[in-house]
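A look at the structure
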Amino acid sequence: MLRILAFATSLALLLPAGAALAEPPKAAPARKADLADRVAGTYKGAVASDARGSSRDNVTITVTRTGPNKVEIKSDYPRIPTVTIPLEQAMDAILAASGPSVFLLDTVRSPDRLDLTIDDASWSGNRVATPAKK
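Residues numbered from 1 in each chain as written. Predicted model: local features only at pLDDT ≥ 70, side-chain atom pairs only at ≥ 80, totals over all residues. Heavy atoms only, no water.

Here we take up the overall build of the protein. Helix and strand counts for the protein come out as 2 helices and 8 strands. For the protein, the N- to C-terminal ordering of α and β elements is α-α-β-β-β-β-β-β-β-β. Looking at the protein as a whole, 28% of its 134 residues qualify as buried. By sequence separation, contacts in the protein at least 24 residues apart represent 42% of the contacts at least 6 residues apart. When the accessible area of the protein is evaluated, it comes to approximately 9000 Å², of which 59% is carbon and sulfur surface. (Helix = DSSP H or I, 4+ residues; strand = E, 2+ residues; numbered from the N terminus. Buried < 20%, exposed > 50% of the residue type's maximum accessible area, 1.4 Å probe, protein only. Contact = heavy atoms within 4.5 Å. Areas by Shrake-Rupley, 256 points an atom, 1.4 Å probe, with all protein chains shown as cover.)

Two elements, strand E1 (residues 41-50) and strand E8 (residues 121-129), share 8 bridges in a ladder whose sense is antiparallel. Among the inter-strand pairings, Tyr-43 is bridged to a residue of E8, identified as Arg-127. Bridge count for strand E7 (residues 113-118) against E8 is 6 bridges, and the pairing is antiparallel. Looking at the pairing, Leu-116 lines up with Trp-123 of E8. Linking E7 to E8, which pair antiparallel, is a turn of 2 residues; within it Asp-119 sits at a positive phi near 55°. (Pairing = 2+ DSSP bridges.)

Neighbouring strands of a sheet are bound in pairs by backbone hydrogen bonds; such pairs are parallel or else antiparallel. Spatially, E1-E2-E3-E4-E5-E6-E7-E8 is the arrangement adopted by the 8 strands of the closed barrel, whose pairing is antiparallel. Along the sheet, successive strands turn relative to each other by an average axial angle of 30°, direction set aside. Alignment of strand E5 (residues 93-96) against strand E6 (residues 102-106), held across 3 bridges, turns out to be antiparallel. Within E6, the position partnered with Leu-95 by the bridge is Leu-104. (Axes fitted to C-alpha atoms, helices over the stretch in contact; angles between N-to-C directions.)

Here the focus is the nonpolar core. Ranked by size, the top nonpolar core spans 24 residues in total, and within it Val-39, Val-71, Ile-73, Phe-103 and Trp-123 carry the most contacts. If near-sequence neighbours (up to four positions away) are discounted, Val-39 is found in contact with Val-63, Val-71, Leu-87, Ile-94, Phe-103, Leu-105 and Arg-127. (Core = buried A, V, L, I, M, F, W, Y, C linked by side-chain atoms within 4.5 Å.)

Moving on: the side chain of Arg-127. Along the chain, the position of Arg-127 falls in strand E8. A residue is classified by how much of its surface remains accessible, and Arg-127, at 14% relative accessible area, is buried. For Arg-127, the side chain forms a polar contact with the side chain of Tyr-43, separated by 3.3 Å. Once you skip the residues sitting within four places of it in the chain, Arg-127 turns out to touch Arg-38, Val-39, Ala-40, Gly-41, Thr-42, Tyr-43, Leu-105, Pro-111 and Asp-112. (Polar contact = N/O pair within 3.5 Å; in protein donor to acceptor, adjacent residues only side chain to side chain.)

Here we take up the environment of Gly-53. Along the chain, the position of Gly-53 falls in the loop between E1 and strand E2 (56-67). With relative accessibility at 36%, the residue Gly-53 sits in the partly exposed group.

This is the structure:
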């Protein structure tokens, strides 16, 4: 009887410790939104000029955040290759911080309009969707 009582007491003392170990890990603190979050989304527009081809309507561009102030641009038009562009803010505009590509979004006058020039193809369009918040 004493053995059963000792076992039950030991088990009762271990339960709170086991419950503490079984708690799910706490979520990481939310990161502060940056320029890449601001411009991420799906845009529809047209290639207005292309040094290697003609203009084209109904071109979809997908802008995806890949890191702090950095986005990946993908297009459903083969003439516009997939590129990664670092971003910076200058006054009311978000633009390419470096590299050969032009990226321009005016956050005040037309916050959903994006202008791009990638590989000598100039594209302009408007946001039609934003990525889901996590």
